[in-house]
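Single-letter residue listing:
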Amino acid sequence: TPATQIRNFCIIAHIDHGKSTLADRMLQVTGSVADRDMRAQYLDRMDIERERGITIKSQAVRMPWSADGETFALNMIDTPGHVDFTYEVSRSLAACEGAILLVDAAQGIEAQTLANLYLALENDLHIIPVLNKIDLPAADPEKFAKELADLIGGSPDDVLRVSGKTGVGVEELLDRIVQDIPAPVGDPDAPARAMIFDSVYDSYRGVVTYVRMVDGKLNPRERIQMMSTRAMHDLLEIGVSSPEPIPSNGLGVGEVGYLITGVKDVRQSKVGDTVTTARGAATEALAGYTDPKPMVFSGIYPIDGSDYADLREALDKLKLSDASLQYEPETSVALGFGFRCGFLGLLHLEIITERLSREFGLDLITTAPSVIYEVLTDTGETVIVTNPSEYPDGRVASVSEPMVKTAILLPKDYVGTVMELCQSRRGALLGMEYFSEERVELRYRMPLGEIVFDFFDQLKSKTQGYASLDYEPDGQQEGDLVKVDVLLQGDKVDAFSAIVHREKAYAYGTMMAERLRKLIPRQNFEVPIQAAIGARIIARETIRALRKDVLAKCYGGDISRKRKLLEKQKEGKKRMKMVGRVEVPQEAFIAALSGD
Ligand code: GDP
Ligand code: MG
């Protein structure tokens, strides 16, 4: 297809505003997927995406569309809407000339609408404002068209109104894409340069690399080169997704398609890298992307120690398709052998642990999420701590923690409650803005460590689900932070150590000591449980000694959920961990960590 007949666009929206549903309708209206083959969220291929109704990996698809007697190739790149995956959004945007800014006509602009819009503007994309779900009785297109027009400029009449569900307005939208979004520009005679915007592992085809051609052409069976490493590969297949993969006789300027080279690891086909030909190679790479950095760390342990090798293998497999996942072996007194894993955010953590249990059948325990602390020691050395057990006890001069700028959109009635919540999480108010008569944007600078600890759940429950949140990293800042240890009969239990603000140390220590008192069975002797900052004890509980007439079966607390897992093991084979002289069933540790 000549570049003049190509349009590359993406759909950006807050989660649940209907991207995937609109994408489905576009596939149908353009005849790309026959009605009988249609299923909801056609492009969301992972089971977990379908079940949770969210898009994790972006996908590209090519659709034919006729306008003014000419046939155009529309390349649509679906993007995820959640904060953790902003990185995936930004690399998809770089492959497009335009973006559909999709807003739910019953909800209006939300936090991620704004975050994604700003990303699109940074990439110089042409924006088409669209209100979705106009079939809903609660839809108020007049009001929100004005809100959108105020935000991006222009008149409310320019805002398209569609329903991804019924298909109303979708044809007009496709026409607008052809009309308004600029055709890609590139030099067809220059050496080939293609930008890798996604790289997916497929168990049948190996790594499938999605590219956007910028200059020149790539031909079938050509020898190609990755410009960052100069690694050469033979092209086994080149083609377009439409949406099923269709081999083609090459890709030219502006086209979006896939490459298969037989490599087995997504790291050999790095997102952001430039692909060129082995012969007549380009000399200058396209501007790439920076690698996403993990922000949240957690220990993942198999509940059954003999699953350790399986866990390693499962992580290796997930890493093939998710270069942002990091892990390294670690051991814990309480939990045995496991891995310290790094994630882009909490949702990323949740998705990985869910995939490990669902796709690999592993029973796992995850330790409390931690952020990256930079600890300056009294000898002037900087220690990076992602696991409280690495904290240089007794040598700490100062500690700094990662900060984020958050934007929270909420109905004005909840402003007081949410400000209280943010202040209790050490937030500093940056600004407050009225978006409309009843919707307000609050901006806070907050420690990331306060957000990873159930902030989102609190925000949702305090606003009946009406608030939305977005955040971006904003450097490190020194804080009055301390490490709290938990000791059983004087012995430290590593998995329970936490780095917290000094004012919250007491609450954390008391909570853990109480939990453990309820969970650990009585022994033949008295067992003190203590929480301490360094040598200073800040909380204490005692498990009284077992009286002779009391049966050993006296677990307190509610561990019924975990008990199911234990039924698999035979009585008598119960795994006990020794902490000093104290015998603790592993499920007590697990229940204490899961906090339920
Ligand atoms: P995404 O998170 O932006 O991909 O949103 P989805 O496409 O998964 O849609 C979120 C929810 O909104 C789903 O329950 C859809 O069925 C529903 N939905 C999407 N588009 C429409 C629409 O045009 N009208 C109505 N009534 N519901 C819609
Ligand atoms: Mg979706």
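No experiment lies behind these values; they were computed from the predicted model shown. (Residues numbered from 1 in each chain as written. Chains lettered and ligands numbered in written order. Predicted model: local features only at pLDDT ≥ 70, side-chain atom pairs only at ≥ 80, totals over all residues. Heavy atoms only, no water.)

## Considerations on the sheet that holds strand β17 (residues 336–343)
Thought 1: Spatially, β16-β17-β15-β18 is the arrangement adopted by the four strands of the open sheet, whose pairing is antiparallel. Edge strands, defined here as strands with exactly one partner in the open sheet, are β16 (326–332) and β18 (364–366). For this sheet, the mean angle separating the axes of adjacent strands, direction not counted, is 30°.
Thought 2: Pairing between strand β15 (residues 296–302) and β18: three bridges, direction antiparallel. Paired with Tyr-301 across the bridge in β18 is Ile-365.
Thought 3: Sitting on the sheet, helix α8 (residues 346–360) touches β15, β17 and β18, and the angle it makes with β15 is about 15°. (Pairing = 2+ DSSP bridges. Helix = DSSP H or I, 4+ residues; strand = E, 2+ residues; numbered from the N terminus. Axes fitted to C-alpha atoms, helices over the stretch in contact; angles between N-to-C directions. Contact = heavy atoms within 4.5 Å.)

## So, the site of ligand 1
Thought 1: Neighbouring ligand 1 are 16 residues, the closest being Asp-16, Lys-19, Thr-21, Gln-41 and Asp-135.
Thought 2: The contact in question runs from an oxygen atom of ligand 1 to an N or O atom on the side chain of Thr-21, over 2.6 Å.
Thought 3: Lys-133 places a side-chain nitrogen or oxygen 2.9 Å from an oxygen atom of ligand 1.
Thought 4: Its free accessible area being 580 Å², ligand 1 has 78% of it covered by the protein chains. (Near = heavy atom within 4 Å. Polar contact = N/O pair within 3.5 Å; in protein donor to acceptor, adjacent residues only side chain to side chain. Areas by Shrake-Rupley, 256 points an atom, 1.4 Å probe, with all protein chains shown as cover.)

## What about the confidence of the model for the protein?
Thought 1: Per-chain confidence: the protein averages 87 in pLDDT, with 89% of residues scoring 70 or above.
Thought 2: Element-level mean pLDDT values for the protein span from 52 in helix α13 (residues 560–567) up to 98 in strand β6 (residues 160–161).
Thought 3: When the criterion is pLDDT under 50, residues 549–554 qualifies, and its contacts beyond four places in sequence or with other chains add up to two contacts.
Thought 4: Low pLDDT, under 50, characterises residues 568–573; the predicted model gives this stretch three contacts beyond four residues in sequence or across chains.
Thought 5: Across the predicted assembly, pTM comes out at 0.74 and ipTM at 0.99. (pLDDT = per-residue confidence, 0-100.)

## Quick notes on the pattern of salt bridges
Thought 1: If you walk through the whole model with that rule in mind, you get 28 salt bridges.
Thought 2: Put simply, Asp-393 and Lys-483 hold a salt bridge, and the shortest N to O gap is 3.0 Å. Taken together, the residues span a long stretch of sequence, with Asp-393 in the loop between β20 (382–385) and β21 (396–411) and Lys-483 in strand β25 (residues 481–488) at a distance of 90 residues.
Thought 3: Judged by relative accessible area, Lys-483 falls into the buried class, the value being 4%.
Thought 4: For Glu-450, the salt bridge goes to Arg-426, with nearest N and O atoms at 2.9 Å. Here the residue Glu-450 occupies a position in helix α10 (residues 448–452), and Arg-426 occupies one in the loop between α9 (415–424) and β22 (428–434), the gap between them amounting to 24 residues.
Thought 5: Each of Asp-393, Lys-483, Asp-485 and Lys-492 takes part in a single network of salt bridges with overlapping partners. (Salt bridge = Lys/Arg side-chain N within 4 Å of Asp/Glu carboxyl O. Buried < 20%, exposed > 50% of the residue type's maximum accessible area, 1.4 Å probe, protein only.)

## Notes on the nonpolar core
Thought 1: Core analysis: the largest hydrophobic core is formed by 46 residues, its most contacted members being Leu-356, Ile-408 and Phe-455.
Thought 2: Top element by residues in this core is helix α7 (residues 308–321). It accounts for five residues.
Thought 3: Every residue in contact with Phe-455, bar those within four places of it in the chain, is listed here: Ile-408, Leu-421, Cys-422, Arg-425, Met-446, Glu-450 and Leu-469.
Thought 4: If you look at the next biggest cluster of nonpolar residues, it comprises 38 residues, including Tyr-301, Leu-516, Ile-533 and Ala-591. (Core = buried A, V, L, I, M, F, W, Y, C linked by side-chain atoms within 4.5 Å.)

## Observations regarding the sheet that holds strand β11 (residues 237–241)
Strand pairing in a sheet takes place through backbone hydrogen bonds and is either antiparallel or parallel in direction.
Thought 1: In spatial order, the strands read β10-β9-β14-β7-β8-β13-β11-β12; together these eight strands make up an open sheet with antiparallel pairing. Because the sheet does not close on itself, it has two edges, and the strands there are β10 (232–234) and β12 (245–247). Here the strands of the sheet are splayed against their neighbours by 40° on average, with no regard to which way each runs.
Thought 2: Where strand β7 (residues 193–202) and strand β14 (residues 274–277) come together, two bridges link them in antiparallel fashion. By the bridge assignment for β14, Met-195 is matched with Thr-274.

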